[in-house]
Amino acid sequence: MKFLPIVFAALCVGFASAATLREEFDQLLPYLNMDQVRAIYNRYIETDPQVAEIYSFLQTDEVDRAWIVLISQPELRTITDWTEVRGVSIRDYLNSIAAMLGLTPIAATRTAGKNARSWSAMMDEIRAVSDIDGAYQLAQQFIATPGSEFAELHHMVVELHDVFHEVAEHPDVLRVSNQLRAYGVDVDRILEVIYMFFGWHDH
């Protein structure tokens, strides 16, 4: 009988490792509660002058130039193509952001003051409806699972450390980052979380 738990564990590992990227994302997304998140930021955009000001800034040519720096990276195209064939369209997600802000879309591959308080209040509401810790823990399980496509995607992004750092330091991107800081957006914390998740230690 002692052998049965071992067999069961082996079967569980087999099933976990067989999960596709689409299946793994489908497990992660409920933790983020995106419908409520969208409702929160839409409400703030419509009713809060400071958040509306940030939203307006994100629609400017200055931001579009920084956005183009990001989407022009061939490494990003490699990742979006890789996820596309696995049923997860990062390109569609990024293009939905671009469409909302009037930014340049990614073409398909052929083949601390009042502002800070308003922004902080919106982010507090978003965090309240999102299980970020749960999503993070599940992501870590995927990353540790042999054969996980999410783990493979994570590794692909980890390898882009130098590219990400170069984009973050690009003058057009720095101008946008500094303006967002002026609006009270904690850009440094966002970068810190990104660097932490991908194991980059030089931020």
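Just so it is clear, the model here is predicted, and its values are computed rather than measured.

Rules used in this analysis
- Residues numbered from 1 in each chain as written.
- Predicted model: local features only at pLDDT ≥ 70, side-chain atom pairs only at ≥ 80, totals over all residues.
- Heavy atoms only, no water.
- Patch = residues over 30% accessible without salt bridge, like charges linked within 9 Å, V, L, I, M, F, W, Y side chains within 5 Å.
- Areas by Shrake-Rupley, 256 points an atom, 1.4 Å probe, with all protein chains shown as cover.
- Salt bridge = Lys/Arg side-chain N within 4 Å of Asp/Glu carboxyl O.
- Helix = DSSP H or I, 4+ residues; strand = E, 2+ residues; numbered from the N terminus.
- Buried < 20%, exposed > 50% of the residue type's maximum accessible area, 1.4 Å probe, protein only.
- Phe/Tyr/Trp six-rings, centres within 6.5 Å; stacked < 30°, edge-to-face > 60°.
- Contact = heavy atoms within 4.5 Å.

Caption draft 1: Spatial organisation of a nonpolar patch on the surface. A contiguous nonpolar surface patch, about 260 Å² in accessible area, is contributed by Y136, V193 and M196. Its place among the elements puts M196 in helix 13 (residues 187-197). What makes M196 partly exposed here is its relative accessible area of 46%.

Caption draft 2: Highlighting the packing of aromatic side chains. Summed over all chains, the structure comprises nine aromatic pairs. On the numbers, 5.3 Å between centres and 80° between planes, the contact of Y195 with W200 is edge-to-face.

Caption draft 3: Expanded view of the environment of V69. For V69, the location among the structural elements is in helix 5 (residues 61-71). Note on V69: relative accessible area 13%, which makes it buried. Excluding residues that lie within four positions of it along the chain, V69 makes contacts with V167, H170, D172 and V173.

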